[in-house]
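Observations on chain architecture
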Amino acid sequence: MSGEEEVVLHGMWASPYAKRVEIALRLKGIPYQYVEEDLLNGKSEALLRHNPVHQKVPVLVHNGKPVIESCIILEYIDETWKSSGHALLPQEDTYRRARVRFWADFIQRQFVLTITALGEAREEAIKELRKNMELLEEGLRANFFPEGIPQHHFDDQKNVRFLDITMCAFFGLHKAQSEFVRTTEIIDLQRTPLVFSWVESLKEVPVVKEVLPPHDEVVNLLRGFRQNAVGSSPQV
């Protein structure tokens, strides 16, 4: 980065969408300014100006130009700062890149299921989530880790890439999310051992540890959503 470049991230402390961007910036070694947004009590003028359509986080502002939607931001970061030597997406293998994008989107959709596991739709959402986690287990084994995750694989942080970032951002706090849905473990060691070991390994990566919010605070936040926002989608 040249001295003239400025990177600002508008986020919210518990938003997995914003955490996904934070992890990517840190893995790439990109200096940035972080702006915490109060999504419930008053969004900043800058956030509304930079993201007038959705008015949500994250927003990455690079040299005054806003980039929105976390998956788009990750690709922007990867393409803009190639010189970091840490590629988040496969560079040459377009088919593998497409598979990564598919499964990243799949993972994000499962997080949405955990938040919608409320009220009358709760049991159905939990059932679908359990089934889809088993599909993720099969997809991981078939496409990325056919022999399981090598021991110490993530000791080298350059092995943490787009799909890993997505998984640890959305499900690094799966134990807090399980307390939220109350009836099941979202990621179960017996049912989905590969998914479980993947997440637990990623949680030990220093950058991930620095970024993920505290367990108890996330539980309290989710309980607040359950009590106050049944039937609506939280803006995180």
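No experiment lies behind these values; they were computed from the predicted model shown.

**Concerning the overall build of the protein**
Assigned secondary structure in the protein consists of 10 helices and 4 strands. Of the regular secondary structure in the protein, the N- to C-terminal order runs β-α-β-α-β-β-α-α-α-α-α-α-α-α. Computed over the C-alpha atoms, the radius of gyration of the protein is 18 Å, within 12% of the 18 Å expected from 2.2 N^0.38 for a compact globule of 236 residues. Each principal axis of the C-alpha atoms in the protein carries an extent, and together these give about 50 × 45 × 30 Å. Expressed as a percentage of the 236 residues in the protein, the buried residues total 51%. Restricting the contact set of the protein to residue pairs at least 6 apart, pairs at least 24 apart contribute 70%. With the model as given, the accessible surface of the protein reaches about 11,800 Å², and the carbon-plus-sulfur share is 49%. Between the averaged position of the 28 positive side-chain charges in the protein and that of its 34 negative side-chain charges there is a distance of 3 Å.

**Some points on the state of the cysteines**
Counted by the stated rule, this structure contains 0 disulfides. Sulfur of Cys71: no disulfide; nearest cysteine sulfur belongs to Cys168 and is 16 Å away. Judged by relative accessible area, Cys71 falls into the partly exposed class, the value being 32%.

**Here we look at the UniProt feature "domain: GST N-terminal" (unreviewed entry) in the protein**
Summarizing the sequence annotation, UniProt attributes the feature "domain: GST N-terminal" (unreviewed entry) to residues 5-85 in the numbering used throughout. Across residues 5-85, the secondary structure splits into 37% helix and 21% strand, with the terminal C-alpha atoms separated by 19 Å.

**A word on the nonpolar core**
In this structure, Met167 and Trp198 are the most contacted members of the largest nonpolar core, which totals 73 residues. Residues contacting Met167, with those up to four places away along its chain left out, are Ile107, Leu136, Gly172, Ile187, Val195, Trp198, Val199 and Leu202.

**Observations regarding helix α1 (residues 16-28)**
An α-helical turn contains 3.6 residues, so any two residues separated by three or four positions project in the same direction. The terminal C-alpha atoms of α1 lie 18 Å apart, and with 13 residues this matches the ideal 18 Å at 1.5 Å per residue to within 8%. Across the 13 residues that make up α1, a large majority, 12, are buried. Among the residues of α1, those classed as buried are Pro16, Tyr17, Ala18, Lys19, Arg20, Val21, Glu22, Ile23, Ala24, Leu25, Leu27 and Lys28. Following α1 by one or two positions, Gly29 has its phi on the positive side, about 75 degrees.

**Describing the pairing of strand β4 (residues 65-68)**
As judged from the 4 bridges shared by strand β3 (residues 59-62) and β4, these two strands associate in the antiparallel manner. The partner of Val59 across the bridge, within β4, is Ile68. Adjacent in sequence and paired antiparallel, β3 and β4 are bridged by 2 residues, among which Asn63 carries a positive phi angle near 50 degrees.

**Here we look at the side chain of His10**
Inspection of the secondary structure puts His10 in strand β1 (residues 7-11). A polar atom in the side chain of His10 sits 2.8 Å from the side chain of Glu37. Apart from residues no more than four positions distant in its own chain, His10 is found in contact with Val35, Glu37, Ser44, Ala46, Leu47, His50, Val57, Pro58, Val59 and Val61.

**Remarks on the pairing of strand β2 (residues 33-36)**
Where β1 meets β2, 4 bridges bridge the pair, whose relative direction is parallel. Paired with His10 across the two strands is Val35, which belongs to β2. Crossover connection from β1 via α1 to parallel β2: handedness right-handed.

**Let's talk about the packing of helix α4 (residues 94-115) against helix α5 (residues 122-143)**
Running from N to C, α4 and α5 point in directions that differ by 160 degrees, and their axes come no closer than 10 Å. With respect to each other, α4 and α5 are oriented roughly antiparallel. Read as a crossing pair, α4 and α5 show a hand that is left-handed. Here Arg96, Arg99, Trp103, Phe106, Ile107, Gln110, Leu113 and Thr114 of α4 lie close against α5, whose contacting residues are Ala125, Glu128, Leu129, Asn132, Met133, Leu135, Leu136, Gly139 and Asn143. Of the residues belonging to the contact of α4 with α5, the class tally is 9 nonpolar, 5 polar and 3 charged.

**Notes on unusual backbone geometry**
Here the amide bond leading from Val57 into Pro58 is cis, since omega sits at 0 degrees, within 30 degrees of zero. Phi is positive for Gln55, close to 55 degrees, though the residue is something other than glycine. Given a relative accessible area of 33%, Gln55 falls into the partly exposed group. Although it is not a glycine, Glu69 adopts a positive phi angle of roughly 75 degrees. Tracing the backbone through its elements, the reader meets Glu69 in the loop between β4 and α3 (70-80).

Calculation criteria
Residues numbered from 1 in each chain as written. Predicted model: local features only at pLDDT ≥ 70, side-chain atom pairs only at ≥ 80, totals over all residues. Heavy atoms only, no water. Helix = DSSP H or I, 4+ residues; strand = E, 2+ residues; numbered from the N terminus. Rg over C-alpha atoms; globule rule 2.2 N^0.38 Å. Buried < 20%, exposed > 50% of the residue type's maximum accessible area, 1.4 Å probe, protein only. Contact = heavy atoms within 4.5 Å. Areas by Shrake-Rupley, 256 points an atom, 1.4 Å probe, with all protein chains shown as cover. Lys, Arg positive; Asp, Glu negative; His and termini not counted. Charge placed at Lys NZ, Arg CZ, Asp CG, Glu CD. Disulfide = S-S within 2.5 Å. UniProt positions renumbered as here; feature names shortened; annotations may be inferred. Core = buried A, V, L, I, M, F, W, Y, C linked by side-chain atoms within 4.5 Å. Expected span 1.5 Å × (residues − 1). Pairing = 2+ DSSP bridges. Polar contact = N/O pair within 3.5 Å; in protein donor to acceptor, adjacent residues only side chain to side chain. Right-handed = clockwise from strand over helix to strand, strands pointing away. Axes fitted to C-alpha atoms, helices over the stretch in contact; angles between N-to-C directions. Parallel < 35°, antiparallel > 145°, perpendicular 65-115°, else oblique. Left-handed = near helix turned anticlockwise from the far one by under 90°. Nonpolar A, V, L, I, M, F, W, Y, C, P; charged D, E, K, R; others polar.

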